[in-house]
Amino acid sequence: MSDKPEKNTRPLDPSIYDATLDSETLSFMKSSTGIQDDDELKAHVLHIQKRAYSVYPYPCIGLLHFMNRKISSHASYQQALKLGRERKGALLLEIGCCFGMEMRRAAADGFPAKQIVASDLYSEFWEFGHALFRTTPQSFPATFLAGDALDPDFLSPLPGNPDFPEVSDLSALTTLNPLKGKVSAIYARSLFHLFNEDQQCQLAHSLGSLLSTQPGSVIFGSHMGNVEKGTIKHGAIGGQDSTFFHSPQSWKELWCEAPSGDRKSKDIQSQGKLTGPVFRYGEVSVEASIRFIRATSGMEGFRLDWSSY
């Protein structure tokens, strides 16, 4: 879920390391890995990148985007940390976690690692994360679940039973569905724009169904968007030549109905599609904004930052 593989694998470019990793990221990596020498750290990161890219030739791995994911820069991050400090048993979930950089930042900033759940398509991503950060499941005891977020057997878009008992042992989980209505904070970065409009709607409903109804719960993230909603053709990226983008306004409409809306968001139509916004008017507040960005890899566009709380 972190990306889509290249049909024709591009060769790795070691120079991207120096262009991508800023001083904050380097400092975090040094404190996390214990590697203080700059050249040794670079060699370590590029070695793990090469190993991972040989198995999964994803652009986010080839371009080292997994190293520059900064949950700490998001406006809702401090609220997530506050929940970890103040709410008993608060759970933090990242969907599309890749190697787990973001959740390791959250743990380093105080969110209890045992109350963190991370998910992506392949278990090898998490194993590469342990190799990258020189950790083990014992030294970093977050829970990882491999699965497809668009597979209802792994994550259904339908609401769960609010009276279902709390999950006492996260390590026993095999899907995300038992966490319906029980996750205090949910984070999704660089994920939604990988899917078409219907799939983005399904994913929004699925993640919304996991969010706790307790006041202060939050779902937040960022991905590529546009000034206007629609599908845009472009050069081949990760094996696709077009992308559906939400605008800030259409993103808000996806998550929360208008004041006069007639909620049908959990209805399943005959063709099997979810319709309507994820939440009723008044259940959540939704914020969304875009800004133009240009990555060191040369890719550019509008980034949509958002939160529902």
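Each remark here, short or long, concerns the structure printed above.
What this report covers is the structure whose coordinates are included nearby. Bear in mind that the values here come from a model prediction, so they are computed numbers and not experimental data.

The biggest cluster of nonpolar side chains holds 39 residues, and the ones touching the most others in it are Leu176, Leu179, Phe192, Leu207, Trp255 and Trp306. Looking at this core, the elements with two or more residues in it are strand 1 (92-95), strand 4 (185-189), helix 8 (197-210), helix 9 (248-255), strand 8 (286-294) and strand 9 (300-308). At five residues, helix 8 tops the list of elements feeding residues into this core. Ignoring any residue separated from it by four or fewer positions in sequence, one finds Trp306 in contact with His74, Ala188, Phe192, Ile219, Phe220, Gly221, Ser222, His223, Trp251, Trp255, Glu287 and Ala288. Membership of the second largest hydrophobic core comes to 27 residues, among which are Ile16, Ile48, Cys60 and Phe133.

What follows covers the pairing of strand 4. Residues in a regular strand project their side chains so that they alternate between the two faces of the sheet. Most of strand 4 sits inside the fold, with five of its five residues counted as buried. Residues Ala185, Tyr187 and Arg189 line one face of strand 4 and the alternating positions Ile186 and Ala188 line the opposite face, and both faces are buried. Here three bridges tie strand 1 to strand 4, and the two strands are oriented parallel to one another. Paired with Glu94 across the two strands is Tyr187, which belongs to strand 4. Bridge count between strand 4 and strand 5 (residues 218-225): five bridges; the pairing is parallel. In the sheet register, Ala188 faces strand 5, and the bridge partner there is Gly221.

Let us now look at the packing of aromatic side chains. Describing an aromatic ring pair means giving the distance of the ring centres and the angle of the ring planes. The full count for this structure, using the stated rule, is 19 aromatic pairs. Judged by centre distance (4.9 Å) and plane angle (85 degrees), the rings of Phe192 and Trp251 are edge-to-face. Of this pair, Phe192 sits in the loop between strand 4 and helix 8 while Trp251 sits in helix 9, placing them 59 residues apart in sequence. Assigned by exposure class, Phe192 and Trp251 land together as buried. Ring geometry for Trp255 and Phe279: centres 6.3 Å apart, planes at 20 degrees, overall stacked.

Contact pair helix 2 (residues 23-33) / helix 3 (residues 38-55): the axes reach a minimum separation of 11 Å and the direction vectors enclose 85 degrees. As summarised for this structure, helix 2 and helix 3 are arranged roughly perpendicular, according to the angle between their axes. Facing Leu26, Met29, Lys30 and Thr33 of helix 2, the residues of helix 3 in contact are Asp38, Leu41 and Val45. The residue inventory of the contact of helix 2 with helix 3, partitioned by class, reads four nonpolar, one polar and two charged.

Definitions and cut-offs
- Residues numbered from 1 in each chain as written.
- Predicted model: local features only at pLDDT ≥ 70, side-chain atom pairs only at ≥ 80, totals over all residues.
- Heavy atoms only, no water.
- Core = buried A, V, L, I, M, F, W, Y, C linked by side-chain atoms within 4.5 Å.
- Buried < 20%, exposed > 50% of the residue type's maximum accessible area, 1.4 Å probe, protein only.
- Helix = DSSP H or I, 4+ residues; strand = E, 2+ residues; numbered from the N terminus.
- Contact = heavy atoms within 4.5 Å.
- Pairing = 2+ DSSP bridges.
- Phe/Tyr/Trp six-rings, centres within 6.5 Å; stacked < 30°, edge-to-face > 60°.
- Axes fitted to C-alpha atoms, helices over the stretch in contact; angles between N-to-C directions.
- Parallel < 35°, antiparallel > 145°, perpendicular 65-115°, else oblique.
- Nonpolar A, V, L, I, M, F, W, Y, C, P; charged D, E, K, R; others polar.

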